[in-house]
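Analysis of the macromolecular model
So you can see what is in the structure, the chains are spelled out below.
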Amino acid sequence: MINYIISIKTLYMIYEDIKEEIKSAMRSKDVLRLSVLRNILSAFTNELVATGKTPQDALGDEEALAVIKRLAKQRKDSITQFEKGGRQDLAKEEREELAVLEQYLPQMMGKEDIRNIVEAKKAELGIEDKAKMGMLMGAVMKETAGRADGNSVKAVVEELL
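Bear in mind the structure is a predicted one, so any value in this text is a computation, not a measurement.

Reading guide: rules and limits
The numbers attached to residues start from 1 for each chain and follow its sequence in the written order. Totals for whole chains, interfaces and linings use every residue, but because this is a predicted model, local features are given only for residues with pLDDT of at least 70 and side-chain atom pairs only at 80 or more, for both listing and counting. Just so you know, side-chain values use all the structure's heavy atoms and leave hydrogens and water out. Salt bridges are counted wherever a side-chain nitrogen of Lys or Arg sits within 4 Å of a carboxyl oxygen of Asp or Glu. Working definition: helices are DSSP H or I runs of at least four residues, strands are E runs of at least two. Numbering for both runs from the N terminus. Accessible area is worked out with a 1.4 Å probe on protein chains only. A residue is then buried under 20% of its type maximum, exposed over 50%, and partly exposed in between. Expected helix span is computed as 1.5 Å times (number of residues minus one). The arc in question is traced by the directions running from the helix axis to the C-beta atoms. By definition in these notes, contact holds between two residues if any of their heavy atoms fall within 4.5 Å. In protein, a polar contact requires one atom able to donate a hydrogen and another able to accept it; more generally it is a pair of N or O atoms within 3.5 Å, and residues adjacent in sequence count only if both atoms are side-chain atoms. For the purposes of this section, nonpolar cores are sets of buried Ala, Val, Leu, Ile, Met, Phe, Trp, Tyr and Cys residues that join through side-chain atoms within 4.5 Å.

This structure, assessed with the given rule, holds 13 salt bridges. The closest approach of N and O atoms between Glu96 and Lys92, which form a salt bridge, is 3.2 Å. Residue Glu96 and its partner Lys92 are located together in helix H4 (residues 88–102), separated by four residues, close to a single helical turn. Glu159 is the partner of Arg115 in a salt bridge, and the nearest nitrogen-oxygen pair spans 2.4 Å. One end of the pair, Arg115, is in helix H5 (residues 111–125); the other, Glu159, is in helix H7 (residues 150–160), with 44 residues separating them in the sequence. Here Glu159 falls in the exposed class, since its relative accessible area comes to 52%. In this structure, a network of salt bridges that share partners links the residues Arg75, Glu94 and Glu97.

The subject of this paragraph is helix H6 (residues 133–144). Along its 12 residues, H6 runs 16 Å from first to last C-alpha, staying within 8% of the 16 Å computed at 1.5 Å per residue. What H6 keeps buried is the set Met133, Leu136, Met137, Ala139, Val140 and Thr144. Axial view of H6: buried residues confined to an arc of 165°, hence all on one face. Exposed side chains of H6 directed beyond 90 degrees from the buried face belong to Gly134 and Lys142. The inward-facing, buried residues of H6 abut H5 and H7. Once H6 ends, the next one or two residues include Ala145, with phi positive near 50°.

Right, let's talk about the side chain of Asp61 for a bit. Structurally, Asp61 can be placed in helix H3 (residues 61–84). A polar atom in the side chain of Asp61 sits 3.0 Å from the backbone nitrogen of Ile14.

Tracing the backbone through its elements, the reader meets Phe44 in helix H2 (residues 31–50). A relative accessible area of 0% means that Phe44 is categorised as buried. Each C-alpha atom of the pair Phe44 and Lys92 lies 25 Å from the other, and the pair is 48 residues apart in sequence. Look past the residues within four positions of Phe44 in its chain and what remains in contact with it is Ile14, Tyr15, Ile18, Leu59, Ala64, Val67 and Ile68.

On to the nonpolar core. By size, the foremost hydrophobic cluster in this structure holds 26 residues, and its most contacted members are Ile18, Ile40, Phe44 and Ile68. Residue assignment for this core shows that the elements contributing at least two residues are helix H1 (13–28), H2, H3 and H4. Top contributing element to this core by residue count: H2, with eight residues. Here Ile40 is in contact with Ile18, Ile68, Leu71 and Leu101, once residues within four sequence places are set aside. Counting 13 residues, the second largest nonpolar core, distinct from the first, contains Ile114, Ile117, Ile127 and Ala148.

Let's shift gears to the environment of Asp61. The class for Asp61 is buried, based on a relative accessible area of 10%. In sequence terms Asp61 and Arg87 are 26 residues apart; their C-alpha atoms lie 35 Å from each other. A distance of 3.1 Å separates a polar atom in the side chain of Asp61 from the backbone nitrogen of Met13.

Right under this line is the structure:
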């Protein structure tokens, strides 16, 4: 529903929005959305406890995005495993949950944008061979700051080296 671009409007924007979205999902009787949002809120609480804070505290936007990214990655891994096991019904459920989670993640960069960053970093660092591919990957991932999928970056780096 909402794609978040990381900004400094308010430190707890995502956390508060999730809480409001839960109320909205309850009113509209959207069972899937409600389930996923409650799962996100539960993961937020677990993250707070794991970092030594109280469950009544709120996560900052960067921490909240990290939790949501982790949940999305778990769904992607589950989809792969369910498809390998021939459980299309469970894979379908995971895809639906992933779609809800992705609404709260920043929009990922396209291949062309990644290519421009890789070419710039390649020239900046003077990398010409595959021996320094890891250094280039690290620099590009730092530059994209979570807006690019690691597999996409790797594919572009391999293509250009």
